[in-house]
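# Topology and contacts: notes
Each chain is listed here by its residues.
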Amino acid sequence: MKPLTTAMLCLTLSSVGWAEDIPSTLETTIEIRHLDVSEYHRPYVAVWIQDEDRNAVASLAVWYQITGSRKDAGTKWLPDLRQWWRRTGRSLEMPVDGVSGATRPAGTHKLSFAITDSRLVDLPAGKYSLVVEAAREVGGRELVEIPFTWPLGQSKSLKAKGKNELGEVTLNAK
Amino acid sequence: MIRFSLSILLLVCLVPKTGSAHKVWLRPSQTTLSGSEPWVTVDAAVSNDLFFFNHFPLKLDGLQIIAPNGNEVETQNQSVGKYRSVFDLPLTQQGTYRIAVVNHGVFASWEQSGERKRFRGTSESLQHEIPSDATHVQVTESVGRVETFVTNGEPSNESIQPTGKGVELFPLTHPNDLYTGEKSGFRFVVNGKPMQGLEITIIRGGTRYRDTQEEMQFTTDENGEFTVQWTEPGMYWLETRTEDNETKIPDAQTRRLSYAATLEVLPQ
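A brief structural summary. As the structure is a prediction and not an experimental result, all values here were calculated from the model.

How each quantity is defined
Residues numbered from 1 in each chain as written. Chains lettered and ligands numbered in written order. Predicted model: local features only at pLDDT ≥ 70, side-chain atom pairs only at ≥ 80, totals over all residues. Heavy atoms only, no water. Helix = DSSP H or I, 4+ residues; strand = E, 2+ residues; numbered from the N terminus. Contact = heavy atoms within 4.5 Å. Areas by Shrake-Rupley, 256 points an atom, 1.4 Å probe, with all protein chains shown as cover. Core = buried A, V, L, I, M, F, W, Y, C linked by side-chain atoms within 4.5 Å. Buried < 20%, exposed > 50% of the residue type's maximum accessible area, 1.4 Å probe, protein only. Buried area = accessible area lost by both parts, 1.4 Å probe. Salt bridge = Lys/Arg side-chain N within 4 Å of Asp/Glu carboxyl O. Polar contact = N/O pair within 3.5 Å; in protein donor to acceptor, adjacent residues only side chain to side chain. Nonpolar A, V, L, I, M, F, W, Y, C, P; charged D, E, K, R; others polar. Pairing = 2+ DSSP bridges. Axes fitted to C-alpha atoms, helices over the stretch in contact; angles between N-to-C directions. Phe/Tyr/Trp six-rings, centres within 6.5 Å; stacked < 30°, edge-to-face > 60°. Lys NZ or Arg CZ within 6 Å of the ring centre and 35° of its normal.

### Overview of the overall build of chain A
- Across its full length, chain A carries 3 helices and 9 strands.
- Ordered by position from N to C terminus, the α and β elements of chain A give α-β-β-β-α-β-β-α-β-β-β-β.
- Long-range pairs, those at least 24 residues apart, make up 64% of the contacts in chain A between residues at least 6 apart in sequence.
- Per element, the accessible surface of chain A, about 9300 Å² overall, is 51% carbon and sulfur.

Below, the structure is given as structure tokens:
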């Protein structure tokens, strides 16, 4: 077999594999811990995907104080999400459509992204991490990472757990 | 993460129990000095992060500096900036200076013609504020002290004696003699008397550089005392607050008392 044919065959096979394995949805759940503290504020939370060099390749969500006495009042504290800020936040113009949202209460929150989402559709195969960072006023800050290989196989389910601010974080492909 | 916007800075000092308890602090450039006339410069601010000025400056209206000989002395180069106030203090005497911002005021609320009204200020000005037809009048007295200590030469005790007003720290270990690996004792007094059951929070500065506040919590014993074992050097912020009914202001039902101090712990 000529090298070119081999290459083409491999390409065909991998394409077939892709078509069978590729899930239609990427889903993540994020648990914000219930905390018994005298002064509680909902945390700022950011969710993104980074590559092996920790470059942010997809900004999935950032929850912060959107409304306030002044316009953009809540953006002052976005750098408290210090890794998110460095990796992507500081180069974004807030709010970002489909990414920015209001802060959320303690509990588990689900985010779903279609595989055809512009942030995912062109993601080259490789090793990545889902990163969730939380920072709470007069509280703590925590970062939880789930390493994964893209594309994710069907029904792939990954988990990680925070200690202080974040509870269980999951990543599923469906 | 709602950030409280306070249009009136005074409010921060007068109302210990706001929905959002920002940290109020004075931070001296250093606490242990020597020489014929060393100077300290002090930052004064209200913020969440210790000791970073990023929220509000602390008003210096109630600034009160007691020199080692017990006399009040003046500061120099006072300035109120966007996020912090600043002043300088030449330490012309040997011994310990007590640097404090003391606030004493009232806050009140009442209803007039079905409308809820609020007031913050001094007890004298309050007399003219509440209309005669007001109902549901609630008046709360507020006494707050924010302080720090600096020493030129050998620590002394004259300036750090309790005044008998509000919550005060009576150091069993001198506040400028705190070192890692050692235990320091403190007594809290309210109106000059030891107070049991006060809840004390102590947080080391530099919170920006770590993921948790690493608060230390203490409760004063029957003598109003508690002991701290210092493990790391740094500037520490200590806070407590309480409430009682011992108010002498007419119409006031309760009195809110708050106290915050900045203490420097040096390495061995």
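### Considering the nonpolar core
- The biggest cluster of nonpolar side chains holds 30 residues, and the ones touching the most others in it are A:Val47, A:Ile49, A:Leu130, A:Phe148 and A:Trp150.
- Within the residue set of this core, elements represented by two or more residues are β1 (25–32), β2 (44–51), β3 (56–64), β5 (107–114), β6 (126–135), β7 (141–150), β8 (157–161) and β9 (166–173) of chain A.
- Setting aside residues up to four positions removed in sequence, A:Phe148 forms contacts with A:Ile49, A:Gly126, A:Lys127, A:Tyr128, A:Ser129, A:Leu130, A:Leu158 and A:Leu171.
- B:Leu26, B:Ile65, B:Ala67 and B:Ile203 belong to the second largest nonpolar core, which has 29 residues in total.

### Re the interface of chain A and chain B
- The interface is formed by 21 residues belonging to chain A together with 19 residues belonging to chain B.
- By the criterion of area lost to chain B, the three top residues of chain A are A:Trp77, A:Glu137 and A:Val138, representing 37% of everything that side buries.
- Inspection of the chain A/chain B interface yields 2 salt bridges.
- Residue B:Asp211 pairs with A:Arg141 through a salt bridge whose shortest N-O separation is 3.2 Å.
- Taken together, chain A and chain B are joined by 6 residue pairs in polar contact (both at pLDDT 80 or more).
- Residue composition of the side of chain A that touches chain B, grouped by class: 5 nonpolar, 7 polar and 9 charged.

### What about the sheet that holds β5(A)?
Residues and elements named next belong to chain A.
- Across the sheet, which stays open at both edges, the 4 strands sit in the order β5-β1-β9-β8 with antiparallel pairing between neighbours. The outermost strands of the open sheet, each flanked by one partner alone, are β5 and β8. Across the sheet, the mean angle separating the axes of adjacent strands is 15° when strand polarity is ignored.
- Judged from the 5 bridges that link them, β8 and β9 form a sheet pairing that is antiparallel.

### Comments concerning the pattern of salt bridges
- Per the counting criterion, the structure on display carries 21 salt bridges over all chains.
- A salt bridge links A:Arg136 to A:Glu165; its shortest N-O distance comes to 2.7 Å. Separated by 29 residues along the polypeptide, A:Arg136 in the loop between β6 and β7 and A:Glu165 in the loop between β8 and β9 bring together distant segments of the chain. Assigned by exposure class, A:Arg136 and A:Glu165 land together as buried.
- Here B:Arg255 ties to B:Asp244 by a salt bridge, and the two come within 2.7 Å at their closest N and O atoms. Placement of B:Arg255 in strand β19 (residues 252–265) and of B:Asp244 in strand β18 (residues 234–244) is noted, with a sequence separation of 11 residues between them.
- The buried category is assigned to B:Arg255, whose relative accessible area is 5%.
- Within the structure, one salt-bridge network assembled from shared partners comprises A:Arg82, A:Glu133, A:Arg141 and B:Asp211.

### Observations concerning the packing of aromatic side chains
All names here are of chain B.
- A complete count under the given rule lists 12 aromatic pairs over all chains for this structure.
- On the basis of an interplanar angle of 80° and a centroid distance of 5.4 Å, the ring pair of Phe188 and Tyr259 is categorised as edge-to-face. Taken together, the positions of Phe188 in strand β13 (residues 183–190) and Tyr259 in strand β19 put the pair 71 residues apart, joining distant regions of the chain. The burial state of Phe188 is the same as that of Tyr259; both residues are buried.
- The rings of Phe186, Phe188, Phe218, Phe226 and Tyr259 are connected pair by pair, giving a single aromatic cluster.
- The lysine or arginine in question, Lys23, covers the ring of Trp237, its NZ or CZ lying 5.9 Å from the ring centre.

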